[in-house]
Amino acid sequence: MYWTLELASKLEDAPWPATKDELIDYAMRSGVPLEVIENLQEMEDEGEIYECIEDIWPDYPSKEDFFFNEEEY
């Protein structure tokens, strides 16, 4: 299982919070790349509820990571 920014971004509009099965269902209906569905299927399923993409991929950059301070320039 591997995530890239492009693949993970396909789940931004998913119906959070969601279970693994709900995310797979959303991914299939949304027409995301097959790699996203494969990554979701490879996740261990312990009946968890995922609150956001960071629960799946902790390294997913937040909006704060792209913050540009105009006062510095």
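Notes on the structure follow. This one's a predicted model, so the numbers in the text were calculated from it and none came from an experiment.

Some points on the overall build of the protein chain
When its secondary structure is counted, the protein chain shows 4 helices and 0 strands. Going residue by residue from the N terminus, the α and β elements of the protein chain occur as α-α-α-α. Taken across its 73 residues, the protein chain has 32% of its residues classed as buried. Contacts in the protein chain between residues far apart in sequence, at least 24 positions, make up 64% of those at least 6 positions apart. When the accessible surface of the protein chain is split by element, carbon and sulfur atoms take 47% of a total near 5,300 Å².

Observations regarding the pattern of salt bridges
Taken as a whole and assessed by the stated rule, the structure comprises 1 salt bridge. Here Asp-25 makes a salt bridge to Arg-29, at a shortest N to O gap of 3.0 Å. Of the two residues, Asp-25 and Arg-29 both sit in helix α2 (residues 20-30), 4 residues apart, roughly one turn of that helix.

About the cut-offs
Residues numbered from 1 in each chain as written. Predicted model: local features only at pLDDT ≥ 70, side-chain atom pairs only at ≥ 80, totals over all residues. Heavy atoms only, no water. Helix = DSSP H or I, 4+ residues; strand = E, 2+ residues; numbered from the N terminus. Buried < 20%, exposed > 50% of the residue type's maximum accessible area, 1.4 Å probe, protein only. Contact = heavy atoms within 4.5 Å. Areas by Shrake-Rupley, 256 points an atom, 1.4 Å probe, with all protein chains shown as cover. Salt bridge = Lys/Arg side-chain N within 4 Å of Asp/Glu carboxyl O.

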